[in-house]
Amino acid sequence: MKTPALASLLLLSPALVLAQQEVDRASTSPTPTNSQLERVSVTRQQTDTDLRRRQPVAKQLYGRDELDKYGDTQLSDVLKRLPGINVSGGQLRMRGLGGAYTQILVNGEPAPPGFSLDNLNPAQVERLEVSKAPTADQSAQAIAGTLNIILKDAPRVVQKDLRLGVSYANEKPVVGGSFTYGDRIVGGLGLVLPISFFQWDMRNEASSDRLRDFGATHLTSEGFDHSYGRGINISPRLNWKLGDDETLTMQGFFVRNRFRNTGESDTQVLASTPGKSVLPVSVLDSTRNRGSFAANRVNLQYNNRFGEDRRIELRAGTGSGGADFNFNLFGRNAAGLPVIERITTGDNSNRNTTLSGKYSQYAGEAHTITVGSEIERRTRDEVRRTTEHDLVTNVIKDLLPGQEGQPFNATITRTAVYGQDEWEISKQWSAYLGVRHEEIKTVSRGVGSEFNNTSKVTTPVLHLNFKPDPKGRDMVRASLTRSYKAADMQQLIARTTINADYPARGDDAASNTQTTPDRIGNPNLKPELATGLDVAWESYLPAGGMFSVGVFHRRISGLVRNALMLENHPSWADKARWVAMPINLSKATTQGLELEVKGRAGELFPGLFEPATALSLRASLNLYRSSVADIPGPDNRLEGQQPWQFNFGADYRFKSLPLSVGFSGQIAPKYTVQQTALLSQSSLPARSFDAFAMLQLSPKDSLRVATSGQFQPTQGTRVTITGLPDYNLNERKPVAWWSVNWEHKF
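Residues numbered from 1 in each chain as written. Predicted model: local features only at pLDDT ≥ 70, side-chain atom pairs only at ≥ 80, totals over all residues. Heavy atoms only, no water.

Attention now moves to the environment of Gly336. The topology assignment puts Gly336 in the loop between strand 15 (310-332) and strand 16 (338-363). Through-space distance from the C-alpha of Gly336 to that of Leu284 is 7.3 Å; in sequence the pair is 52 residues apart. (Helix = DSSP H or I, 4+ residues; strand = E, 2+ residues; numbered from the N terminus.)

Here it is as structure tokens:
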């Protein structure tokens with residue numbers, strides 16, 4: 001038992017009260033006779049920690065205990081409590097890096113376009129797999145790591161679960177629920193049908209403070225944004241066991257939701273300079289946005305084992321989906337008279353088809369060789385339009401003439417081939433060697449979006465595992481890998497997005513500033529390439545606890561950043577405009593230290609707690625550093641990467657009552673990112689506290705009360721320009737959730 005090592009980690013975390021519940025279950029099988037004592041067999045159910053230890057590469061697994069603990073209805077709420085993960089604005093971030101740095105898979109395949117973690121109920125998920133380094137059989141678009149969401153599989157016995165809940169965060173409560181039916185129908189047929197529906201209703205108070213026009217204009221605003229809507233998702237799965245070694249699986253995934261957003265903003269002009277200030281057209285604004293999102297996908301998978309040493313897996317899938325929105329801004333002047341109405345409409349549709357196959361074979365007694373290939377074709381059709389109605393002159397015009405309302409499309413073709421070898425070198429050493437070649441070709445057609453972009457990346461990977469004691473539980477893992485980040489569609493499309501605070505054309509046309517630039521894509525972007533080294537020591541304790549310490553380093557080339565440039569004669573404006581455009585800037589490095597501990601309190605602190613104490617603890621501390629070569633320090637870090645993150649939690653099960661309670665907390669500090677030589681952005685500190693209490697009413701019924709997002713401070717960002725007094729501060733005050741959930745097992 002490595003108690004000193006565990007204690008040293010806990011000293012790094014002064015707020016330690018942590019935990020993931022790890023329950024030892026015993027089953028007895030008595031065989032009574034008149035002349036013999038009963039024979040008792042004691043077994044322990046495999047936990048997520050046990051499964052993690054047996055993985056051939058470094059991977060964290062989270063099953064039903066973690067998914068069900070707080071009664072969450074959105075998968076994003078589960079993820080934010082996991083070590084090294086945070087969710088910001090609906091985006092998943094691993095190792096402090098968001099956007100396309102983190103890969104999201106559903107059953108091992110890329111998530112559908114527009115997929116949001118808020119649209120998936122944890123009740124539909126079998127388990128979560130978190131990998132920090134890529135493998136050859138999955139796309140290497142994972143510089144920060146990969147989240148693989150495994151949907152529910154058909155159960156071995158009949159399963160009928162009903163969950164109903166009520167949540168509250170704003171003016172009125174919302175309802176949600178799920179029903180899961182699973183059974184082995186006849187012979188080798190198995191079915192699981194999870195259905196869930198959800199609602200949301202959230203309101204945030206928002207404010208801003210802006211100094212612009214080279215210090216000539218000072219504006220403040222107060223207001224709110226209110227988001228509400230409803231949705232449903234279904235993920236049926238059918239397993240057909242054709243023979244002892246042959247199976248056919250069909251997996252469906254269907255999501256629908258409708259959303260509404262309303263908001264108000266009251267702007268005050270604190271100071272202005274005649275001839276230098278560009279005052280807003282309206283100061284009393286109300287906004288309304290409504291729309292819908294849909295995603296449909298069906299996958300077919302065939303598995304066959306030929307004898308003892310050969311396996312084949314074939315997959316085919318097709319999907320479709322899309323979204324639409326209608327955004328309306330209605331503005332009044334200081335006297336309350338209508339002056340402007342701006343309407344933005346848009347819709348898009350997506351279709352995709354995938355084919356893949358892999359073949360595995362044992363080679364001797366120590367090697368398992370796997371080869372495979374994939375092809376995916378995805379098409380997207382989109383149209384957007386923004387019009388302005390001057391309510392004073394009654395003139396209606398397009399914000400960007402010649403482009404507004406013009407459709408454009410894109411076709412993305414991704415192909416890949418790979419090979420890998422899982423090598424059992426000895427009882428102490430094992431290795432995973434692989435190489436993957438992936439090509440992504442993007443072709444777009446439409447006004448302002450005519451381009452072809454092709455990226456080809458070869459990514460070798462090497463994973464090593466070493467057991468100091470062949471019969472022990474401790475393990476050292478090391479990985480040397482190549483990964484990459486491909487440019488997304490919005491970064492490639494060379495259409496201009498205008499900052500409407502500064503009119504681009506007409507008598508009131510004005511030049512914008514560095515803090516309020518227009519935006520344009522860059523069809524010549526190349527993928528970012530990263531070479532990574534990961535080393536971790538994992539110690540697994542006898543009763544199911546674990547302690548790990550790891551370090552990582554990524555060396556990135558072709559880093560994409562938004563560059564500010566002044567266009568003196570832009571085609572879309574009558575005056576000079578500042579424009580932000582993504583470019584392959586330079587090189588960057590990022591590295592970090594990752595500490596994690598979890599287990600029963602009696603195992604972690606035997607001198608303080610009895611072994612039978614039903615208290616589980618967990619904590620993780622993640623330290624991050626990064627630097628971008630062509631940007632001056634000291635804050636030239638990768639965008640959005642916080643210096644550190646601390647997660648902690650604890651669960652306790654009462655002996656005298658059928659009651660379990662627990663809590664979880666997350667803390668991150670304020671930090672600044674020097675985005676360019678002139679532009680910097682500061683993010684306010686973040687913290688959150690969640691808690692739950694679960695009462696087991698009967699063997700089939702349970703009641704769970706939970707709260708999420710308590711003690712959150714004001715969140716926001718402050719953008720400043722070096723050498724200028726201009727800044728833009730945006731803040732919002734998030735609201736906590738309360739929920740009550742009832743679960744019944746039929």
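Anyway, onward from the coordinates.
So, about the pairing of strand 33 (residues 671-674). Pairing between strand 33 and strand 34 (residues 679-683): four bridges, direction antiparallel. Residue pairing for strand 34: Tyr671 is matched across the bridge by Ser683. Taking the residues between adjacent antiparallel strands as the criterion, strand 33 and strand 34 are bridged by four residues. (Pairing = 2+ DSSP bridges.)

Inspection of every chain in the model, using the stated rule, returns 44 salt bridges. A salt bridge links Lys69 to Asp651; the shortest N-O distance between them is 2.8 Å. Remark: Asp651 occurs in strand 31 (residues 644-653) and Lys69 occurs in the loop between helix 3 (64-68) and helix 4 (75-79); sequence separation between them is 582 residues. The pair Lys69 / Asp651 is uniform in exposure class, with both members buried. (Salt bridge = Lys/Arg side-chain N within 4 Å of Asp/Glu carboxyl O. Buried < 20%, exposed > 50% of the residue type's maximum accessible area, 1.4 Å probe, protein only.)

Tracing the chain through its elements places Arg637 in the loop between strand 30 (615-628) and strand 31. No salt bridge is formed by the buried Arg637, whose closest oppositely charged neighbour, Asp635, lies at an N-O distance of 5.3 Å. Here the side chain of Arg637 touches Gln641 through a polar contact of 3.1 Å, landing on its backbone oxygen. Apart from the residues within four sequence positions on either side, Arg637 is in contact with Arg561, Tyr624, Ser626, Ser627, Val628, Gln642, Pro643, Tyr671, Thr672 and Val673. (Lys, Arg positive; Asp, Glu negative; His and termini not counted. Polar contact = N/O pair within 3.5 Å; in protein donor to acceptor, adjacent residues only side chain to side chain. Contact = heavy atoms within 4.5 Å.)

All right, on to the pairing of strand 11 (residues 217-234) then. With 18 bridges joining them, strand 10 (residues 189-212) and strand 11 adopt antiparallel strand pairing. The residue bridging Gln199 from the neighbouring strand is Arg230, located in strand 11. If you look at the hairpin formed by strand 10 and strand 11, you'll find four residues sitting between the two strands, and Asp213 has a positive phi there, around 55°. The pairing of strand 11 with strand 13 (residues 246-271) spans 17 bridges and is classified as antiparallel. Bridging across to strand 13, His226 finds its partner in Thr262.

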